[in-house]
Amino acid sequence: MTKYKTLRSYEANERRIEKARQKTIETQNAYKAVTDWKNYVLTLKTIHLKSSSIVDWNKIKNIEKPVQPKNEYKNEDFAKNQLENFKPSFLDNLFGLTPKKINNLKELVNQAKVKDENENDAKFKKYLDTFKDWEKLQEISLGIEKNQIEFYKKALEHFSPFSKIGEVGNQININLENDYIDVDLTVNDIDVIPDYELKQTSTGKLSKTNMPKTRFNELYQQHICSCVLRVGREVFAHLPYEYSRINAIKKIVNCQNGNIEEKMILSVIFSKDNMQKINFEVNEPLENSILFNNNMSFHKINGFNAVNRMEFNK
């Protein structure tokens with residue numbers, strides 16, 4: 001009877017341990033899920049904080065021409081030195097190993113020559129790539145200095161600030177004018193916004209609830225403003241424009257005919273001077289966007305309405 005009670009007690013204790021372990025895992029998983037959700041929501045509103053550093057075209061213009069590297073033969077010299085200074089030991093002479101060791105050293109010299117050749121070829125190839133990049137940037141920087149639009153295009157092609165456009169949208173069209181740049185950004189659809197909220201209860205469990213419609217729409221508004229700000233910042237980081245007009249365009253299904261139509265939901269004219277004065281870390285993207293001349297019609301319940309392209313004041 002005592003053995004039976006001991007066994008039952010042991011099994012009960014094991015169940016308690018397993019239950020506690022499962023609860024710990026559950027709590028940890030819930031914490032990770034909530035953290036991931038919060039990070040994703042934060043990412044939606046902070047895309048503009050990841051913009052490129054400002055390109056200093058004057059500094060680029062003064063970069064010295066790359067110097068062609070000289071061929072080096074360090075491996076061959078070392079191997080030859082080993083061969084020339086080889087002195088057979090008593091055992092080498094006794095067992096007739098000297099010729100074999102000399103042949104091995106000669107083979108190492110040949111291998112060293114090949115290694116040096118490959119290394120010199122690699123250095124020269126790297127030099128050619130660097131030279132071509134330098135030559136291209138010199139040409140672009142001179143064109144930028146002369147305010148030649150075709151070189152503005154080449155600058156964007158070279159740095160490709162919008163190559164990973166998925167963060168801000170799915171299509172971008174750029175029109176370069178003499179006094180400003182006009183960018184049409186087809187933004188991400190509203191389904192990038194999660195329609196739920198995750199929280200961790202006081203007992204450590206995961207709680208999932210529907211996100212209120214107003215918060216859902218406001219989060220999408222912040223996301224769009226963040227994307228537009230990012231495009232504006234990238235423009236000023238790479239090109240010497242004083243003004244940029246960034247237009248957010250959303251694809252919407254027309255309920256009457258079923259066709260997908262493009263509607264402008266935000267149009268902002270950014271000025272470089274004012275953009276550089278903003279501390280983007282402090283305010284929400286919406287607050288930063290409305291500091292500039294803009295067209296935006298937004299309702300907390302219904303979301304964005306179509307607007308016209310913002311016109312420049314003559």
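Note: the structure precedes this text.
Because the structure is predicted, anything quoted here is derived from the model rather than measured.

### Focus on the pairing of strand β1 (residues 169-176)
Bridging between β1 and strand β2 (residues 180-187) involves 7 bridges; their strand directions are antiparallel. Within the sheet, the bridge partner assigned to Ile172 lies in β2 and is Leu185. With antiparallel pairing between neighbouring strands as the criterion, β1 and β2 make up a hairpin whose turn holds 3 residues.

### What about the packing of aromatic side chains?
In this structure the tally under the stated criterion is 9 aromatic pairs. For the ring pair Trp57 and Phe159, a centre distance of 5.8 Å and an interplane angle of 80° mean the geometry is edge-to-face. Here Trp57 is found in helix α2 (residues 57-61), whereas its partner Phe159 is found in helix α6 (residues 149-159), with 102 residues between them in sequence. A residue is classified by how much of its surface remains accessible, and Trp57, at 11% relative accessible area, is buried. Residue classification places Phe159 among the partly exposed residues on the basis of a relative accessible area of 30%.

### Section: the nonpolar core
Within the largest apolar cluster, 52 residues are counted, with the highest numbers of intra-cluster contacts made by Trp57, Ile224, Val228, Leu239, Tyr241 and Phe270. Listing elements by their share of this core, those giving two or more residues are α1 (2-45), α2, α5 (98-145), α6, β2, α7 (213-238), β5 (243-253) and β6 (260-271). Counting residues per element, this core draws most heavily on α7, which supplies 11 residues. In contact with Tyr241, other than residues within four places in its own chain, are Ile149, Tyr152, Leu176, Glu177, Asn178, Asp179, Tyr180, Ile181, Phe236 and Lys272.

Calculation criteria
Residues numbered from 1 in each chain as written. Predicted model: local features only at pLDDT ≥ 70, side-chain atom pairs only at ≥ 80, totals over all residues. Heavy atoms only, no water. Pairing = 2+ DSSP bridges. Helix = DSSP H or I, 4+ residues; strand = E, 2+ residues; numbered from the N terminus. Phe/Tyr/Trp six-rings, centres within 6.5 Å; stacked < 30°, edge-to-face > 60°. Buried < 20%, exposed > 50% of the residue type's maximum accessible area, 1.4 Å probe, protein only. Core = buried A, V, L, I, M, F, W, Y, C linked by side-chain atoms within 4.5 Å. Contact = heavy atoms within 4.5 Å.

Geometry only, nothing functional implied.
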